[in-house]
Structures are given as C-alpha cells and as structure tokens.
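# Breakdown of the fold
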Amino acid sequence: KAGVTQTPRYLIKTRGQQVTLSCSPISGHRSVSWYQQTPGQGLQFLFEYFSETQRNKGNFPGRFSGRQFSNSRSEMNVSTLELGDSALYLCASSLGRVGETQYFGPGTRLLVL
Amino acid sequence: DQQVKQNSPSLSVQEGRISILNCDYTNSMFDYFLWYKKYPAEGPTFLISISSIKDKNEDGRFTVFLNKSAKHLSLHIVPSQPGDSAVYFCAASAPQGGADGLTFGKGTHLIIQP
C-alpha cells in the first residue's frame, strides 16, 4: 500500500498570506489528523477529521482550519499567516477506531517570512 | 503543562549494546502508548505500541515496557545498530471520549556510536 502523502513538501509564504496544505491518507483509512512540529513545542495536535467531520480539535486559534473530502483526502488551511506559524506540518492517517495506530506522512515544511 | 515527558533530550549508546529510552506521563486517562522514530526532514515512523492492559510488548529488537502505577514506559532496543540513530518520540492517547489526538513527548535523540 502507498503511504500517506503530503503536498507540497516545502512552502515559503509571507506574513498575512494564507496557505492550504494537502494530505492523502493510506487507502482505506478514514481518519486524518494534523500536527504541527516546531523546535520549541515539539509535535502538537491540530485536529482530526473522520468521515468528512471534524472529530477532535487541539488548542490552536481559529486561523487554523481543515476539511476532509469524501475520498478521505484532507486539506489544512492557515489564514493570516504569522512568523510563528513556520513549522513542519504533519498529517497522519488511521482506520479511525479507538486505539488505532496513526501513520505519518513526510510533512510539509512551511516558512513564513 | 506537559502530559508526556521525555526527560533525556539525547542519549549516546555504543553499537551492539542496549538502548533504553524513557517516557513519563501524567494523564491517567491515557490507555494507548506508541513509540515513533523520526529522521530529519521525514515524518515520524511508527515503531511499536502498547495498550494499557499489557505491561510488555515485543517486536524484534524493540520491546516496550509499561508501568501503569508509575505512569512510566520505556523502549528497549537490543542490540543497537547505527541505523537506529534518530529522534524517538513517545506518544499517548486517551479513549475516544477524551481524545485529543496523540500527545507527544519532545523526543530523545539517540546516537549509536560505532
């Protein structure tokens, strides 16, 4: 099976812009979770989508949003970018049952100037 | 407040010896624990997991031990190999009703010395 894929792999934006990141889960996986990794905060949970619905949400401002399509592909959007949004954004997929292992994609490296 | 802590930012081990990576947690609702390995510029790779109903799970060179009373888990790698050099993250999750995604520790950088 193909793994989790994320596009683009690298992105440079300026403050105030918005960005959309894409994630394609492993075939058959219905849950997609998004994480932000920064050197200071480590890996932090953003939100999880399951069957096109946001099922869980971490402690991030409303500028961070997402959605999931009927084929389980997911997008994450960040509006009004700030310098502190520079990070590695990781997407993980799983079957969606409680206690399921999540499998991660390679991430999108976002740099905000 | 960190709910999952990896108190050793780095660990250096000689090739062929045992590597022991430690992780402590504070949330008693966590019932599923995972270890991930991460190379620079790549996403975390799942290594091994353990449910709270067990105290040990083994997969090849990797064994995870869980001590629920101490809220502590550890990952043992035996024997350590050069390719094991990476950052290791401990992660935990709670049952769906209190789910908040995976909660990660800040990682331990394991360096295997020849």
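Refer to the structure above for everything that follows.
Residues numbered from 1 in each chain as written. Chains lettered and ligands numbered in written order. Predicted model: local features only at pLDDT ≥ 70, side-chain atom pairs only at ≥ 80, totals over all residues. Heavy atoms only, no water.

Ranked by internal contacts, the top residues of the largest apolar core, which has 24 residues, are Phe33, Trp35, Leu73, Leu75 and Tyr88 of chain B. Those elements giving two or more residues to this core turn out to be strand 3 (19-25), strand 4 (32-38), strand 5 (45-51), strand 7 (62-67), strand 8 (72-77), strand 9 (86-93) and strand 11 (108-113) of chain B. In this view, Phe33 of chain B contacts Tyr25, Ile48, Ser49, Ile50, Leu66, Leu73, Ala91 and Ala92 of chain B; residues no more than four positions away in its chain are not counted. Membership of the second largest hydrophobic core comes to 21 residues, among which are Leu21, Val32, Phe64 and Tyr89 of chain A. (Core = buried A, V, L, I, M, F, W, Y, C linked by side-chain atoms within 4.5 Å. Buried < 20%, exposed > 50% of the residue type's maximum accessible area, 1.4 Å probe, protein only. Helix = DSSP H or I, 4+ residues; strand = E, 2+ residues; numbered from the N terminus. Contact = heavy atoms within 4.5 Å.)

Residues and elements named next belong to chain A. With antiparallel pairing, four strands are arranged side by side in an open sheet as 1-3-8-7. Bordering the open sheet on either side are strand 1 (5-7) and strand 7 (64-68), each of which pairs with just one other strand. Here the strands of the sheet are splayed against their neighbours by 20° on average, with no regard to which way each runs. Across five bridges, strand 7 lies against strand 8 (residues 74-78) in antiparallel orientation. When the sheet's bridge partners are listed, Gln68 is paired in strand 8 with Ser74. (Pairing = 2+ DSSP bridges. Axes fitted to C-alpha atoms, helices over the stretch in contact; angles between N-to-C directions.)

The interface of chain B with chain A comprises 19 residues on the first partner and 23 residues on the second. Together, the buried faces of chain B and chain A total about 1,600 Å²; carbon and sulfur atoms form 55% of this surface. Connecting chain B to chain A are zero salt bridges. The tally of links between chain B and chain A comes to three residue pairs in polar contact (both at pLDDT 80 or more). Contributions of two or more residues to the side of chain B that touches chain A are made by strand 4 and strand 5 of chain B. With four residues, the top contributor of residues to the side of chain B that touches chain A is strand 4 of chain B. A breakdown of the residues in the side of chain B that touches chain A according to their chemical character gives eleven nonpolar, four polar and four charged. (Buried area = accessible area lost by both parts, 1.4 Å probe. Salt bridge = Lys/Arg side-chain N within 4 Å of Asp/Glu carboxyl O. Polar contact = N/O pair within 3.5 Å; in protein donor to acceptor, adjacent residues only side chain to side chain. Nonpolar A, V, L, I, M, F, W, Y, C, P; charged D, E, K, R; others polar.)

Our focus in this paragraph is the packing of aromatic side chains. Summed over all chains, the structure comprises 13 aromatic pairs over all chains. For the pair Phe47 of chain A and Tyr49 of chain A, a centre-to-centre distance of 5.6 Å together with 75° between the ring planes defines the contact as edge-to-face. Neither residue differs from the other here; Phe47 of chain A and Tyr49 of chain A are each classed as buried. Their ring planes at 70° and their centres at 5.9 Å tell us that Tyr36 of chain B and Phe46 of chain B sit as a pair that is edge-to-face. Here Tyr36 of chain B, found in strand 4, pairs with Phe46 of chain B, found in strand 5; they are ten residues apart in sequence, far enough to count as distant. Relative accessible area serves as the criterion here: at 0%, Tyr36 of chain B is assigned to the buried category. (Phe/Tyr/Trp six-rings, centres within 6.5 Å; stacked < 30°, edge-to-face > 60°.)

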